[in-house]
Amino acid sequence: SCSVNDIISNVGLLEGVRLLKPRVAVLHPRNEPDFLYDCNRLSMILESFNCQLCVEYIVYDKKLQYIFDSLPSSIGITLDFFHCVNAGYSIESVISRYFSRIKHVHLNDYSNSDIKAQCPGEGCLLLRNYFNLLQCQEFQGTYMLECKFTNEQHFRNIVDYCGRIS
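Residues numbered from 1 in each chain as written. Predicted model: local features only at pLDDT ≥ 70, side-chain atom pairs only at ≥ 80, totals over all residues. Heavy atoms only, no water.

**Points about the pattern of salt bridges**
Put simply, the test is: For this document, the term salt bridge refers to a Lys or Arg side-chain nitrogen within 4 Å of an Asp or Glu carboxyl oxygen. A run of DSSP states H or I qualifies as a helix once it reaches four residues; a run of E qualifies as a strand once it reaches two. Both are numbered from the N-terminal end. Only protein chains enter the area calculation, which uses a 1.4 Å probe; residues under 20% of their type maximum are buried, those over 50% are exposed, and those in between are partly exposed.
Applying the stated criterion across every chain yields a total of six salt bridges. One salt bridge connects R41 with D38, and the closest N-O pair in it is separated by 3.1 Å. Separated by three residues within a single helix, R41 and D38 lie in helix α3 (residues 35–47), roughly one turn from each other. For D38, a relative accessible area of 8% puts it in the buried group. R164 is the partner of D160 in a salt bridge, and the nearest nitrogen-oxygen pair spans 2.4 Å. Of this pair, D160 and R164 both sit in helix α8 (residues 152–165), four residues apart, roughly one helical turn. On the accessibility criterion, D160 (44% relative accessible area) is partly exposed.

Laid out in structure tokens, this is it:
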């Protein structure tokens, strides 16, 4: 774990961005005095590589809520289903409140019996409802599977499941 300023100072990391050409870079929020300022600086650097900076919606500490209400419009939000539910937030309310800012979605599921994100379809979330809510509002961002696959067939089953509910 490092500060945003450490990321900005890491020439090798920025060279990796130049070579790999990612569409999205995701940061976890930090309750640090310069976090918003440093995010804005990093966002401007990443924009020069056609890469969107997003801050993942992880609000276990209510003090972090101010970050999402204070982000510059150039910085998107990553919606993570598991983190929302695990922190006690309604996914529907987060989508409603921040839809115009959500640029990236981590696809995963939630199980009351495990503290780790589950693969889509292996937990208790009504993922089809969240897909529908995002699609009804014409979500144009990117989705990323964020879970642990046991083998290639498991991966194919998860991709097939996501295709059926989307």
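Back to the text.
**Quick notes on the environment of L36**
To keep things clear, this is the line we draw: Only heavy atoms enter the contact rule, under which two residues are in contact if any of them lie within 4.5 Å.
Within the element layout of this structure, L36 appears in helix α3. A sequence separation of 35 residues divides L36 from L71, and the C-alpha atoms of the two residues are 6.6 Å apart. If near-sequence neighbours (up to four positions away) are discounted, L36 is found in contact with Y66, I67, S70 and L71.

**Some remarks on unusual backbone geometry**
Backbone geometry places K21, a non-glycine residue, at a positive phi of 55 degrees. By the element assignment, K21 lies in the loop between α2 (11–20) and β1 (24–27). Judged by its relative accessible area of 61%, K21 is exposed. Positive phi outside glycine occurs at E138, with the angle close to 60 degrees. Checked against the element boundaries, E138 lands in the loop between α7 (127–136) and β5 (142–145). Note on E138: relative accessible area 59%, which makes it exposed.

**Overview of α3**
Residues spaced three or four apart along an α-helix point in a common direction, a consequence of the helix completing one turn every 3.6 residues. Quick reminder of the rule: In this analysis, the expected span of each helix is defined as 1.5 Å times one less than the number of residues it contains. Our arc is simply the arc of the directions from the helix axis toward the C-beta atoms.
For α3, built from 13 residues, the straight-helix expectation of 18 Å at 1.5 Å per residue is met to within 8% by its first-to-last C-alpha distance of 18 Å. Within α3, the full set of buried residues consists of F35, D38, C39, L42, S43 and L46. Down the axis of α3, the buried side of the element spans an arc of 145 degrees, and every buried residue falls inside it. Tucked into the core, α3 has its buried residues touching α1 (4–9), α2, β1, β2 (52–56) and α4 (65–70).

Remember, this is a structural readout, not a statement about activity or role.
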